[in-house]
Structures are given as structure tokens and as C-alpha cells.
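# Observations on chain architecture
Chain residues, written in single-letter form:
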Amino acid sequence: MPVLRGVDLHVAEGEFVALVGPNGAGKTTLLRIVATLLKPSGGTAEVGGWPLPRYAEEVRRHIGLVSHQPLAYNDLSAEDNLVFFARLFGLDRPQERANQALRLVGLYGRRRDYVRTFSRGMLQRLTVARITLHDPEVLLLDEPYTGLDQNAVALLDDLLRDQHRRGRTILMITHDLLHGRNLADRTTILHQGRITDSIPRHTLDEAGFLQIYRERIGGGGK
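What this report covers is the structure whose coordinates are included nearby. Counting restarts for each chain, with residues numbered from 1 along the sequence as it is written. At least 70 in pLDDT is required for a residue's local features to be given in this predicted model, at least 80 for side-chain atom pairs to be given and counted, and no such filter applies to totals for whole chains, interfaces and linings, which use all residues. Only hydrogens and water are removed before side-chain values are computed, so all heavy atoms of the structure are retained for them.

### What about the pattern of salt bridges?
We define a salt bridge as a side-chain nitrogen of Lys or Arg found within 4 Å of a carboxyl oxygen belonging to Asp or Glu. Counted under the stated rule, the structure contains 11 salt bridges. Between Asp 135 and Arg 168 there is a salt bridge, with its nearest N and O atoms 2.6 Å apart. One end of the pair, Asp 135, is in the loop between α5 (120-132) and β5 (138-142); the other, Arg 168, is in the loop between α6 (150-165) and β6 (169-173), with 33 residues separating them in the sequence. The buried category is assigned to Arg 168, whose relative accessible area is 9%. Beyond isolated ion pairs, a larger network of salt bridges with shared partners links Asp 162, Arg 165 and Arg 166. Numbering goes from the N terminus for both helices and strands, where a helix is a DSSP run of H or I of at least four residues and a strand is a run of E of at least two. A 1.4 Å probe rolled over the protein chains alone gives each residue an accessible area, and that area as a share of the maximum for its type sets the label: buried under 20%, exposed over 50%, partly exposed in between.

### Regarding the environment of Arg 97
Within the fold, Arg 97 resides in helix α4 (residues 94-104). C-alpha separation for the pair Arg 97 and Asp 135, spaced 38 residues apart in sequence, amounts to 10 Å. Ignoring anything within four residues of it in the chain, the contact list for Arg 97 reads Leu 91, Asp 92, Leu 133, His 134 and Asp 135. Whether two residues are in contact is decided by their heavy atoms, any of which lying within 4.5 Å being enough.

### Some remarks on the sheet that holds strand β1 (residues 16-20)
Pairing between two strands is assigned when DSSP locates at least 2 bridges connecting them. With mixed pairing, six strands are arranged side by side in an open sheet as β4-β5-β6-β1-β7-β8. This sheet does not close on itself; its edge strands, each paired only once, are β4 (63-66) and β8 (194-200). Strand-to-strand twist across the sheet, computed as the mean angle between neighbouring axes with direction ignored, equals 15 degrees. Pairing of strand β7 (residues 186-191) with β8 involves six bridges; the strand directions are antiparallel. Within β8, the position partnered with Leu 190 by the bridge is Ile 195. Every axis in this analysis is a line fitted to C-alpha atoms, fitted for helices over the stretch in contact. Angles between the N-to-C directions lie between 0 and 180 degrees. Set on the sheet, α5 makes contact with β4 and β5; between it and β4 the angle comes to about 165 degrees. Its contacts with the sheet place α6 against β1, β5 and β6, and it is angled at close to 145 degrees to β6.

### Brief notes about the nonpolar core
Judged by nonpolar contacts, the single largest core of 36 residues is most densely connected at Leu 82, Leu 126, Tyr 145 and Met 172. Those elements that provide at least two residues to this core are β1, α3 (78-88), α4, α5, β5, α6 and β6. Looking at this core, the element that brings in the most residues is α5, giving six residues. Residues in contact with Leu 126, not counting those within four places in the same chain, are Ala 72, Ala 78, Leu 82, Leu 102, Leu 107, Val 115 and Phe 118. In plain words, nonpolar cores are sets of buried Ala, Val, Leu, Ile, Met, Phe, Trp, Tyr and Cys residues tied together by side-chain atoms within 4.5 Å. Core analysis: the next-biggest nonpolar cluster, separate from the first, contains 19 residues, Ala 25, Ile 33, Leu 140 and Ile 173 among them.

### Re the packing of aromatic side chains
Aromatic contacts are taken between Phe, Tyr and Trp rings whose centres are within 6.5 Å, Trp giving its six-membered ring; a plane angle under 30 degrees counts as stacked, one over 60 as edge-to-face, and the others as tilted. For the structure shown, the criterion picks out four aromatic pairs. Both rings, one in Tyr 73 and one in Phe 84, keep their centres 5.5 Å apart while their planes meet at 85 degrees; by these two values the pair is edge-to-face. With a gap of 11 residues between them, Tyr 73 in the loop between β4 and α3 and Phe 84 in helix α3 connect regions that are remote in the sequence. Residue Phe 84 is classed as partly exposed on the basis of its relative accessible area of 35%.

### Some thoughts on the packing of α3 against α5
Following both chains from N to C, one finds α3 and α5 inclined at 25 degrees, their axes separated by 10 Å at the closest point. Overall, the two elements α3 and α5 adopt an arrangement that is roughly parallel. Where α3 crosses over α5, the two elements pack in a sense that is right-handed. Contact with α3, carried on its side by Ala 78, Leu 82 and Phe 85, involves Leu 126, Ala 129 and Arg 130 of α5 and no other residues of that element. In what follows, roughly perpendicular refers to angles from 65 to 115 degrees, roughly parallel to angles under 35, roughly antiparallel to angles over 145, and oblique to any angle outside these ranges. Note on convention: the crossing is left-handed when the near helix lies turned anticlockwise from the far helix by less than a right angle, right-handed when the turn is clockwise.

Interpretation in functional terms is not warranted from these geometric data alone.
Below is the structure:
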């Protein structure tokens, strides 16, 4: 049984799109295809003009992915984690790049602390630092707010707004409908493997957006 059915989604350069829908809608599958982690059984997918999966290696150089796993080594410091990944990316001046990224996410003061001592919010900030090390044009985020407290949510909001201002293209999955809608330029609804609507923020207020979501999904939302 296909998970995605005739999905047609275009995210413009520098655009921030929130992808919403109920569990099982196909959101993570779609993101994993774009992130080169899954091969589509049909259709076409491109990132930055590179067709997938043929040019998966090239695409990986231009994307940063926040998934459900932070991909950090608990027994290394925050700084050592980022230096490791900077070297893995083949970046010049890995120490400098690591410290620059830590300053960006507000973790420079904790740079020598072991990652195992970090809260969920700090881990998410470290993850954002990791995915921006190589200055990718595209950020892909799968439920980045899961498990965060209010302060951590506000910090991540600021980080994503900053990345958006820098011209990053962002595709983010979220279950928090209004939070996603208010951050993004456009919110796309995915239901039963199909895109039902793609709604620019300025075209509807929050109540109008929620009404359309409930009509399409047949349920409520935050």
C-alpha cells in the first residue's frame, strides 16, 4: 500500500514551509525522501535542481536534517562533537567552525560539558548547531519541538527565524498546527498520503486556518 499518493510539493528558495497532518499521513516518509534517506518507488524528487536518488551525495552537502535522534555522542563535549562533525564534513578550521556554531545557538558557555549532561532543549540546540556547521541551503526538521519546555521552544523559534532571515530554505514537520503556521511562510496539509491544501500565512487568520484543517482531516488540532 503506497504511503504517498501523487504528492506535488514545491518549496521555493528561501521559503519556510510547515508540513502538518495527522499521524500516518506520510509526513516523515516525505521528509526522509527529500533527505535522501529513502528512495521513492515512483515519481520524481529534486533538491536544489538535483534529481534524487541519482544525485543523493551532492544533495547531502546542501541539506541539514533534524530528526528524532540528536546524533550526538554523549561521552564527548559539545565542542568535541561539533569538531568531529566539522572534520567529517571536510570543513576548514573545524575548531573555529564549531565554536562559531555554539555561539549561534547559545551553548558556547557549555562547550566543554559532556553532552550526557544536557537537557532535551540543549540537545536540540546542539543539533541545530551541527546541521548548520556546513552552511547548508536547506534545513529539514522532523518534529524539532518534541519534549521541549517553554524556554527551549522560544530559543528554537529564535534560531529558526534567524536561519530563515539568512535565506535558508526550511521544511518542517510539526504537530502543533498554530505554532507551525505562525512560524512558516506557508503551511501544507498532508492527509492520507495526499496534499489537500497549501496555505500562505497572510491569506488566513488562525481561526480560518484551523477551520480548513478540521474540514480536511475531520478532527481538531492545537
